[in-house]
Amino acid sequence: MARSQWHRFYVSSIAAAPELLFKLLSDLPNYPSWLPGSSQYGGTTDVEPYPVRRGSRYRDGKPDDPGKDWWGTVTGFQPPGSVDFHHTIHVRQLRATIDVHIHYSLETDDGTTTVTRWLVLDIALPIFFRPLRPLVTRGFEKENVRTMAALKAYAEANR
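Positions within a chain are numbered from 1, following the residues in the order the chain's sequence is written. Per-residue local features are limited, in this predicted model, to residues with pLDDT of at least 70; the limit for side-chain atom pairs, both in listing and counting, is 80 or more; totals at the level of whole chains, interfaces and linings are taken over all residues. In computing side-chain values, all of the structure's heavy atoms are included and hydrogens and water are not.

Q: Sorry if this is basic, but what is going on with the layout of surface pockets here?
A: Cavity means a closed set of points on a 1 Å grid over the protein atoms alone, one where a 1.4 Å probe fits but cannot get out, pocket means an open set with protein on both sides within 12 Å along at least 5 of 7 lines, and lining means a residue has an atom within 4 Å of a point. Grid points are joined across faces, edges and corners, and a volume is the space filled by probe spheres set on the points. The calculated volume of the largest pocket comes to roughly 1100 Å³. Gln40, Gly61, Trp70, Ile89 and Phe140 are, among the 41 residues lining the largest pocket, the residues nearest its centre. A helix here means a DSSP run of H or I that spans at least four residues, while a strand means a run of E at least two residues long, and both kinds are numbered starting from the N terminus. Mapped onto the lining of the largest pocket, the elements with two or more residues apiece are strand S3 (57-61), strand S4 (69-78), strand S5 (82-91), strand S6 (96-109), strand S7 (112-125) and helix H2 (133-157). Gly counts as polar in this scheme, as do all residues outside two lists: the nonpolar Ala, Val, Leu, Ile, Met, Phe, Trp, Tyr, Cys and Pro, and the charged Asp, Glu, Lys and Arg. In terms of residue class, the lining of the largest pocket is built from 19 nonpolar, 13 polar and nine charged.

Shown next as structure tokens:
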């Protein structure tokens, strides 16, 4: 099994208070209010305990589509400055396991908040599927860019 790591930073300056942004990012079952579904994401369900805090577990991805969902955990929770998530995705077609670590930091500066999303993927897949790794990371890249754009658009329209 070949292992590799991939990471990216996504940064956006958003004209909204960090408290609002933290609330949007940490209120997992209400993501559909600001993040429309996509081919990768259908919603977040089964959040326990709720309201969300460090240690809360959730079902993510496409919870209504068998085999396209996964369980995650809130691993860090420091309002209104940062929130962290971890989940593991099993990609049956590639016999791959992807450990996903997401860290959001929110820093205020001159009436705006800089939101930084740090995505780290620990990817394990058979060596003969290694050439397909860019397809996997491309999907994550697209979804993270979409999420950050949706957060900015919603927060600035509803501040």
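Q: Just checking my understanding: could you explain the packing of helix H1 (residues 18-26) against H2 for this structure?
A: Closest axis-to-axis distance for the H1/H2 pair is 11 Å, and the angle between their directions is 130°. Classified by the angle between their axes, H1 and H2 sit oblique to one another. Seen along the crossing, H1 lies across H2 with a hand that is right-handed. Listed contacts from H2 to Leu20, Leu21, Leu24 and Leu25 of H1 are Leu151, Tyr154 and Ala155. Each residue belonging to the contact of H1 with H2 can be placed in one class, and the counts come to seven nonpolar, no polar and no charged. An axis is simply a line fitted to the C-alpha atoms; with a helix, the fit covers only the stretch in contact. Between two such axes, the angle follows the N-to-C directions and lies from 0 to 180 degrees. For classification purposes, angles smaller than 35 degrees are called roughly parallel, those larger than 145 roughly antiparallel, those between 65 and 115 roughly perpendicular, and all remaining angles oblique. The crossing is said to be left-handed when, going from far helix to near helix, the turn is anticlockwise and less than a right angle, and right-handed when the turn is clockwise. Between two residues, a contact is recorded if the distance between any of their heavy atoms is within 4.5 Å.

Q: What should I look at first to understand H2 in this one?
A: Owing to its 3.6 residues per turn, the α-helix aligns residues three or four sequence positions apart on the same side. Here H2 is 25 residues long and its end C-alpha atoms lie 37 Å apart, about the 36 Å a rise of 1.5 Å per residue gives. Those residues of H2 that fall on the buried side of the exposure criterion are Arg133, Val136, Thr137, Phe140, Glu143, Asn144, Thr147, Met148, Ala150, Leu151 and Ala155. For a helix, the expected span equals 1.5 Å multiplied by the residue count minus one. The buried label applies to any residue whose accessible area, calculated with a 1.4 Å probe on protein chains only, is under 20% of its type's maximum; exposed applies above 50%, and partly exposed to all values in between.

Q: Got a minute to help me understand the packing of aromatic side chains in this structure?
A: For any pair of aromatic rings, geometry is given as the distance between the ring centres together with the angle between the planes. Within 6.5 Å between ring centres, the rings of Phe, Tyr and Trp (the latter by its six-membered ring) count as paired, and their orientation is classed by plane angle as stacked under 30 degrees, edge-to-face over 60, tilted in between. Under the defined criterion, the tally for this structure stands at seven aromatic pairs. Judged by centre distance (5.0 Å) and plane angle (65°), the ring pair of Phe22 and Phe77 falls under edge-to-face. Residue Phe22 is located in helix H1, and its partner Phe77 is located in strand S4; the two are separated by 55 residues in the primary sequence. Arranged with centres 6.1 Å apart and planes meeting at 85°, the rings of Tyr58 and Phe85 form a pair that is edge-to-face. Taken together, the residues Tyr58 in strand S3 and Phe85 in strand S5 connect sequence positions 27 residues apart. A connected cluster of aromatic rings, assembled from ring pairs, spans Tyr31, Trp34 and Tyr41.

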